There are 2 protein chains.
Amino acid sequence: MEWLTDRAMLQRWRRQVQGQLAFVPTMGALHEGHLRLLRAARESPGRVIASIFVNPTQFAPNEDFARYPRTLEQDRLLLQEAGCDAVFVPSVAEMYHGSGQTRVQVEPLGSDLCGRFRPTHFQGVATVVTILLNLVRPDRLYLGCKDYQQLILLRQMVADLALPVQVLGVETVREADGLAMSSRNRYLAPEERARAVGVAQALAAAQQARRAGERRVEVLQAVAQAVLARHGIEQVDYVAVRDAATLAALPEGVIGDQDPVMLLAVRVGTTRLIDNRILA
Amino acid sequence: MEWLTDRAMLQRWRRQVQGQLAFVPTMGALHEGHLRLLRAARESPGRVIASIFVNPTQFAPNEDFARYPRTLEQDRLLLQEAGCDAVFVPSVAEMYHGSGQTRVQVEPLGSDLCGRFRPTHFQGVATVVTILLNLVRPDRLYLGCKDYQQLILLRQMVADLALPVQVLGVETVREADGLAMSSRNRYLAPEERARAVGVAQALAAAQQARRAGERRVEVLQAVAQAVLARHGIEQVDYVAVRDAATLAALPEGVIGDQDPVMLLAVRVGTTRLIDNRILA
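On a predicted model such as this, the values are computed, not experimentally measured, just so you know.

Some details on the overall build of chain A
No. 1: Helix and strand content of chain A: nine helices and ten strands.
No. 2: Relative to the 2.2 N^0.38 estimate, which gives 19 Å for 280 residues, the radius of gyration of chain A is 19 Å and therefore close to what a compact globule would have.
No. 3: The dimensions of chain A, computed from C-alpha atoms along their principal axes, are 55 × 40 × 40 Å.
No. 4: Across the 280 residues in chain A, those meeting the buried criterion constitute 43%.
No. 5: Considering only residue pairs separated by 6 or more positions, chain A has 70% of its internal contacts joining residues 24 or more positions apart.

Structural data, given as structure tokens:
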């Protein structure tokens, strides 16, 4: 497995790649969710490259950039085991070579949902992913469904800018009790970890209500909110039910022919957790 | 010469291009300035593709999108004579396939100079050029020095986003009296055309003052302004002297070791004219 720390190394490696290339961008602190992305990438023909880059521009000053978990040695072993062919591990200076004036924005989607609470987040994500795609030039981009708004927004960006890459969403991996795997779960104190199960249970309750015939967004949101409250999760950024392809609001607040997605963001202690589920 | 009206045709043509590809994006209404770009592209090895697309997103509602000159048949002949291998001529729907939510911004440069008077202009330019570069995938991008801020901004964008293309600026072509060639010159009534010579003469006067030893930006601007006024050009959007590589303001308003650029934008009647000159 090649360990590529600068652009020149990446370009040299890229030039000798024949055939298809799959790309899995990460911020490191790898867990089973990332490994599922890598397996999906590995299953298709061609080579697989991952990146590890904790991107400062997608964190606000009050957020957890400084304490975001960095587990580089362990990540390296996991990527090697997963059959990765190469890993791009740039420094901040190596990633941002230019003037830093250029920003890619996807609006209004980037200001919706998580964007209401993290106003510059998606601009940071869209910009760094555009840079990564231009450097790596993959045929396929693998993204987790866990960060559902990010997946939809980047899919939109790739289509809008005609970036020559196929975007694939990979299913969320969950702990035994349903908690979606996330690098931020390690912030949770034991008591918080116990309450965090409420997130997945809120989604499951909405799913059940939907299967029982409920089609009103407001009612489904209330069902989820009640489960969160029962788990002592009081800080709810949002619970939303949206078009699963575009994240647009549902006409008249009622589910139509398409299965929508429920998305939520909460804070458990100081840890922000997001999750989502297609209400099928 | 291939006439490519949609993305699929472009992709088919692109796939069979071996070796280098040079790209000259235009809004049509071609004149000698464009032909110099094409000659520069032609002189390097490989194939040459141009595009003709009057991009609605770089015009404000009060601007001249509707009446912008369209001379497609004549453009086609000129491109053929110039030895172009292919021309991409998409419709608006063909250019903007996606959600239209994604914007590329270069800030603060895009809000400076012309951006102060055309607040959404450079965002439209940066976005459409990103799309074009992703569709055409050229090795070299040829841009006119006439639109100097555009040249610097796109060069910045290409560096910032790591777009795999080399940006080349091509010298402005001028009429016998010095007026920079522009598709918009045909808007000028005869009396306006006569006054418009003041633009190039203002730059020439600043150049002379610089050669005579003047290094103060304010004085050079005043020299240019006086020439504009003498030609009855009262509507001056700006006259500026800036770093020629970055368009940054000069420290303490004094020319240092590097030759700066003087840029100006004026209105003659209802026609907006821009021009610039390196003060060497």
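Side note on the domain arrangement of chain A
All names here are of chain A.
No. 1: Here chain A is partitioned into domain 1 (2-170) and domain 2 (183-274).
No. 2: Centre-to-centre, using C-alpha coordinates, domain 1 lies 26 Å away from domain 2.
No. 3: Across the boundary between the two partners, domain 1 contributes twelve residues, which contact eleven residues of domain 2.
No. 4: Within the residue set of the side of domain 1 that touches domain 2, elements represented by two or more residues are α5 (114-117) and α7 (148-160).

Comments concerning the interface of chain A and chain B
Interface extent is often summarised as the accessible area lost during association of the parts.
No. 1: With 24 residues of chain A at the interface, the matching set in chain B holds 24 residues.
No. 2: Elements with a minimum of two residues in the side of chain A that touches chain B: β5 (102-106), α6 (121-136) and α7 of chain A.
No. 3: In terms of residue count, β5(A) provides more of the side of chain A that touches chain B than any other element does, five residues in total.
No. 4: Considered class by class, the residues forming the side of chain A that touches chain B number eleven nonpolar, ten polar and three charged.
No. 5: Looking at chain direction, β5(A) and strand β5 (residues 102-106) of chain B are connected through five bridges and run antiparallel. Paired with A:V106 across the two strands is B:T102, which belongs to β5(B).

Focus on the relation of the copies chain A and chain B
No. 1: Between the two copies, chain A and chain B, the superposition gives an RMSD of 0.0 Å; the rotation angle is 180° and the shift along the axis is 0.0 Å. On the angle and the small slide along the axis, the relation comes out as a two-fold axis. Every residue of chain A has its C-alpha some distance from the rotation axis, and the shortest such distance is that of A:V104, at 2.3 Å.
No. 2: Of all interface residues in chain A, 100% are interface residues in chain B too; the two copies therefore contact each other through one and the same surface.

Comments concerning the nonpolar core
No. 1: Counting residues in hydrophobic clusters, the biggest one holds 158 residues, and the most contacted among them are A:A224, A:M262, A:L264, B:V87, B:A224, B:M262 and B:L264.
No. 2: Ignoring anything within four residues of it in the chain, the contact list for B:M262 reads B:L203, B:A206, B:L220, B:A224, B:V241, B:N276, B:R277 and B:L279.

Comments concerning helix α9 (residues 217-230) of chain B
All names here are of chain B.
No. 1: Taking 1.5 Å as the rise per residue, α9 with 14 residues should run 20 Å; its terminal C-alpha atoms sit 20 Å apart, in good agreement.
No. 2: Turning to α9, its buried residues are V217, L220, Q221, V223, A224, V227 and L228. All buried residues of α9 lie within an arc of 155° about the axis, which places them on one face of the element. α9 presents E218 and A226 as exposed residues on the side facing more than 90 degrees away from its buried surface.
No. 3: Packed against the buried residues of α9 are α8 (190-211), β8 (235-242) and β9 (261-268).

Some remarks on the sheet that holds strand β6 (residues 140-144) of chain B
Residue and element names in this part refer to chain B.
No. 1: On the basis of which strands lie adjacent, the open sheet formed by six strands has the order β1-β4-β3-β2-β6-β7 and parallel pairing. Edge strands, defined here as strands with exactly one partner in the open sheet, are β1 (2-4) and β7 (166-170). Put simply, the sheet's adjacent strands are angled 25° from each other on average, direction ignored.
No. 2: Relative to strand β4 (residues 86-88), β1 runs parallel, the two sharing three bridges. Bridge pairing in β4 places W3 opposite V87.
No. 3: Relative to the sheet, helix α6 (residues 121-136) contacts β2 (21-26), β3 (47-52), β4 and β6, its axis offset from that of β2 by approximately 150°.

Observations concerning the sheet that holds β8(B)
Residue and element names in this part refer to chain B.
No. 1: The sheet built from three strands is open, its strands ordered β8-β9-β10 with antiparallel pairing. The open sheet has two free edges, formed respectively by β8 and β10 (271-278), since each of these has just one partner strand. For this sheet, the mean angle separating the axes of adjacent strands, direction not counted, is 10°.
No. 2: The pairing of β8 with β9 spans seven bridges and is antiparallel. Counted as the bridge partner of A240 is L263 from β9.

Looking at unusual backbone geometry
Residues and elements named next belong to chain A.
No. 1: For the bond from E107 to P108, the omega torsion is 10°, close enough to zero to count as cis.
No. 2: Here P108 shows up in the loop between β5 and α5.
No. 3: In the Ramachandran plot, A29 falls in the positive-phi region, its phi being about 50° despite a non-glycine side chain.
No. 4: Structurally, A29 can be placed in the loop between β2 (21-26) and α2 (32-43).

Some points on the pairing of strand β7 (residues 166-170) of chain A
All names here are of chain A.
No. 1: As defined by bridge partners, strand β6 (residues 140-144) adjoins β7 across five bridges and the pair is classed as parallel. Considered in β7, the bridge of L143 is made with G169.
No. 2: The β-α-β motif built from β6, the intervening α7 and the parallel element β7 has right-handed crossover chirality.

Topic: the packing of helix α8 (residues 190-211) of chain A against helix α9 (residues 217-230) of chain A
All names here are of chain A.
No. 1: Between α8 and α9, the least distance of the axes is 8 Å, while the angle of their chain directions is 150°. By the angle class used here, α8 and α9 are roughly antiparallel. Like other packed secondary-structure pairs, α8 and α9 cross with a definite hand, here right-handed. Only L220, V223, A224, V227, L228 and R230 of α9 make contact with α8, whose side of the interface consists of G198, Q201, A202, L203, A205, A206, A209 and R210.
No. 2: Tallied by class, the residues present in the contact of α8 with α9 amount to ten nonpolar, two polar and two charged.

About the criteria used
Residues numbered from 1 in each chain as written. Chains lettered and ligands numbered in written order. Predicted model: local features only at pLDDT ≥ 70, side-chain atom pairs only at ≥ 80, totals over all residues. Helix = DSSP H or I, 4+ residues; strand = E, 2+ residues; numbered from the N terminus. Rg over C-alpha atoms; globule rule 2.2 N^0.38 Å. Buried ≥ 20, exposed ≤ 12 C-beta atoms within 10 Å, placed from the backbone. Contact = placed C-beta atoms within 7 Å. Domains from an automatic or database assignment. Nonpolar A, V, L, I, M, F, W, Y, C, P; charged D, E, K, R; others polar. Pairing = 2+ DSSP bridges. Least-squares fit on C-alpha atoms with pLDDT ≥ 70 in both. Core = buried A, V, L, I, M, F, W, Y, C linked by C-beta atoms within 7 Å. Expected span 1.5 Å × (residues − 1). Arc of directions from axis to C-beta. Axes fitted to C-alpha atoms, helices over the stretch in contact; angles between N-to-C directions. Right-handed = clockwise from strand over helix to strand, strands pointing away. Parallel < 35°, antiparallel > 145°, perpendicular 65-115°, else oblique. Left-handed = near helix turned anticlockwise from the far one by under 90°.

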